[in-house]
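# Overview (structure and organization)
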Amino acid sequence: MRRASGKGEMMTDKLILYKEHLNSFLRKITKGFELIAPVRNTYGDTLFEVISSVDDVRIDLTNRPILSPKRFFMPQVETLFAYRYDKSGYTFKDAADSTPRVIFGLRSCDTRGILFYDLIFQEGLKDKYYLDRRKDTILINLGCNQPGENCFCKSAQSGPFLTYGYDIQLTDLGDRFFVETGRPRGRELLAGWSYFFRPATQTDIDEQYEVVLESEGKFRHRLDFDAATDKLINQEVAPAIWEEMGNRCQNCGGCAYVCPTCYCFNIFDSPSSEKEGERLRTWDACTFAGFSRLAGGYNPRQDKAQRIKRRFYHKLFYDKQKYNIPSCVGCGRCADICFGRIDMLSFIRLICEQKERVLAPAHRRLGELLLEAGLISQKDLDLAIEKQAATGKPLGAQLVEMGMVNKEAIARTLGYQLKIPGTAENIED
Amino acid sequence: MGSPSPYLPGLATIMKIEEQTAMEKLFMLRPNDGKPLGHKPGQFVEVSVFGVGECPISVSSAPNKKADFEICVRRAGNVTNALHNLKAGDVIGIRGPYGTHFPVEDLRGKDLLFVAGGLGIVPLRSFINYALERRKDYGRIIVLFGARTPADRLFKAELASLARRPDLEYLETVDVGDASWKGNVGVITTLFPKFTIDPKKTYAVMVGPPVMYRFAIAAARAKGLADDHIIVSLERKMKCGLGKCGHCQMGPVYVCQEGPVFNFAAIKNLEEALS
């Protein structure tokens, strides 16, 4: 890895990278690392890809990638070892991959997914295949200014911005990125190319803070994970609900494949001839009928309802119990792909209907919200309402016209007010 | 890099194959490195037939100073079918031993009630032979063995010699008899009225098909056994054996790590354990 040029004076942990310098920065990275970033392909899908030439692809930092980058740590199919048989007997070749990589543009949910993988693959017997890849991979997180349609990372306490766990975190400030370094290797990476960065000023810091606040106000969904977990612990989900969800499950395994925290795998052999071949492991999904089926046919989870139940108990209860966090990062990808609506978003809403009604301040008025946020005073509000009677303008516009508050603050507050769905429209199906 | 992969098996050579029934064969294995497996009764190994795959199999022999050990395998899936097609001299892969073992030390001085349903005799045989090699360390030993039909009975000669021992009580049954069968007919719980136990001193150690547990546990309880005097071994799909792959989990428990041997009292309320 490159070291600091010796000047190092500007390597604080808060920096600015102007967007016109981004590609040059990424080009430098490709010299020492395999660079992985979200790329918009010709089908219009954004996926994490290995980038050999920054200028030949369209890096997409707007849309959340369809899949998390988990395959760069645990490929969908990977070789554990190769075997070979000859007259002297069996010989084996252990697979190893410790390519130094930089993953650029991970979303907070994805970084949190990798942090969860860290727990799984390091506890007990250390998984060398995972750890070899993880060891030399630098994570550059991109916080989300605009949560997606099905995103609920804020409820899962894993976004939209991270407070730990990243090597580097970027915040989009329009013409520039606000750059934070977390783990030392993030700092080391930047130190090599300090000329791309300038230290952040107080204005930058304030602006970044506003972006974070604004983003947090934009979530359509607010879910109460604790309430959902309690319902599972207390066995309050009626058997009929599991049955119904089981009926709607198509056994496709998609929820597990797109999930940044699902890690279950199968192991199988792939012979290339009578004498040689490889032992592989591949992603698996607990919703598959054969997942727990034994040779001979006995299956402890024969029914789809049992498998669905197990999936949610695992993510919301067992992992919470074991690691103190649920193994859902709120990325919403299962909600994107599950056409049976047995995704985490639908599930938590379904079992917590009552709770969400209390949570969502759907019918609060803008004036009240602005007051509560300390953005205007009661006197301002009274004055604006009085004026509004004459002008007929919306309250927000009236307040802006009177210079009492700026448009951004209104937008943020309105976002908070409008984007959290009302109770009736919130419960689908 | 550094440490070798925990998924990489050691090699073992098949020394001898004994056909037990039409479905089961007993394999005598010798580790190629000459080192004993180091297992305890109740543990399992991951057996590889390279090119076909890997599956968990209980060790059937009692631990001893020699490196050789035995597995008894029912022809049930891809790997076990492939195993059945092998011959003496062939080399297979072995990882392990894995999992918990029967509490052979803790049960010293206790009366042992073994309840073996069908293939359940395979892991129990390891404990039974272990106990017989240390006969005076244990109190009474009662062995119940149930098979589907007389032809399905495993270890026939061995069990017959157990039946002749004065220091062991052996009772057997079959679900369905045939013309030659003169013994008990009925499920394994029909053997329970034939003996008495001292519930304070006795521990039941049960291994059998999933359906057996509910009834055998009820019968043991009816004899006055407390739940923590009942030891079971549960079969799950222990694919990796390392507590990672997820297949063997029941509730939050990795059976390959916290099992397959469990004290019944510890899992009686665990969802998915014994349903």
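In this report, the structure presented in the accompanying data block is examined. Since we're looking at a predicted model, the values are computed, not measured. (Residues numbered from 1 in each chain as written. Chains lettered and ligands numbered in written order. Predicted model: local features only at pLDDT ≥ 70, side-chain atom pairs only at ≥ 80, totals over all residues. Heavy atoms only, no water.)

## Section: the overall build of chain B
So the rule is basically this: Helix and strand definitions here come from DSSP, where helices need a minimum of 4 consecutive H or I residues and strands a minimum of 2 consecutive E residues; each element is numbered from the N-terminal end. This radius of gyration counts C-alpha atoms alone. The globule rule is 2.2 Å times how many residues there are, raised to the power 0.38. Residue exposure (1.4 Å probe, protein chains only): buried if accessible area is under 20% of the type maximum, exposed if over 50%, otherwise partly exposed. Residues count as neighbours in contact if any of their non-hydrogen atoms are within 4.5 Å of one another. Where accessible areas are quoted, they stem from the Shrake-Rupley method and a 1.4 Å probe; at the residue level, only the protein chains shown are allowed to cover. Working convention for charge: Lys and Arg count positive, Asp and Glu count negative, and His plus the chain ends are omitted. The location of each charge is read from NZ of Lys, CZ of Arg, CG of Asp or CD of Glu.
When its secondary structure is counted, chain B shows six helices and 15 strands. Against the globule reference of 19 Å for 275 residues, chain B gives a C-alpha radius of gyration of 18 Å, in line with a compact fold. A burial count over chain B gives 57% of its 275 residues as buried. In chain B, 68% of the contacts between residues at least 6 apart in sequence involve partners at least 24 apart. Carbon together with sulfur atoms contributes 52% to the accessible area of chain B, which is approximately 11,100 Å² in total. Across chain B, the centroid of the 35 positively charged side chains sits 2 Å from that of the 28 negatively charged ones.

## A few points about the nonpolar core
How we decide: In this text, buried Ala, Val, Leu, Ile, Met, Phe, Trp, Tyr and Cys residues form a nonpolar core when linked through side-chain atoms within 4.5 Å. Source of the domain bounds: an automatic or database domain assignment.
Counting 103 residues, the largest nonpolar core has Phe127 and Met206 of chain B as the members making the most contacts within it. Here this core takes eight residues from helix H2 (residues 121-133) of chain B, the largest share from any one element. Counting residues domain by domain, this core receives three or more from each of domain 1 (14-67 + 100-216) and domain 2 (223-362) of chain A. Each residue touching Met206 of chain B, except ones within four places of it in the same chain, is listed here: Val115, Met212, Tyr213, Ala216, Ile217, Ala220, Ile230, Ile231, Val232 and Ser233 of chain B.

## Considering the sheet that holds strand E10 (residues 184-185) of chain B
Residues and elements named next belong to chain B. Worth spelling out the cut-off: Pairing between strands requires that DSSP locate at least two bridges from one strand to the other.
Overall, mixed pairing links the seven strands, which are arranged E10-E9-E8-E7-E11-E12-E15 in an open sheet. The open sheet is flanked by E10 and strand E15 (261-263), the only strands paired with a single partner. Two strands pair when backbone bridges link them, and strand E9 (residues 169-174) and E10 are joined in this way by two bridges, in the parallel orientation. Along E10, the bridge assignment pairs Val174 with Val185.

## With respect to the environment of Lys320 of chain A
Residues and elements named next belong to chain A. Residue position: Lys320 is located in helix H9 (residues 304-323). Along the chain, Lys320 and Tyr257 lie 63 residues apart, while their C-alpha atoms are 21 Å from each other. Apart from the residues lying within four places of it in its own chain, the contact partners of Lys320 are Asp226, Thr229, Ile325 and Pro326.

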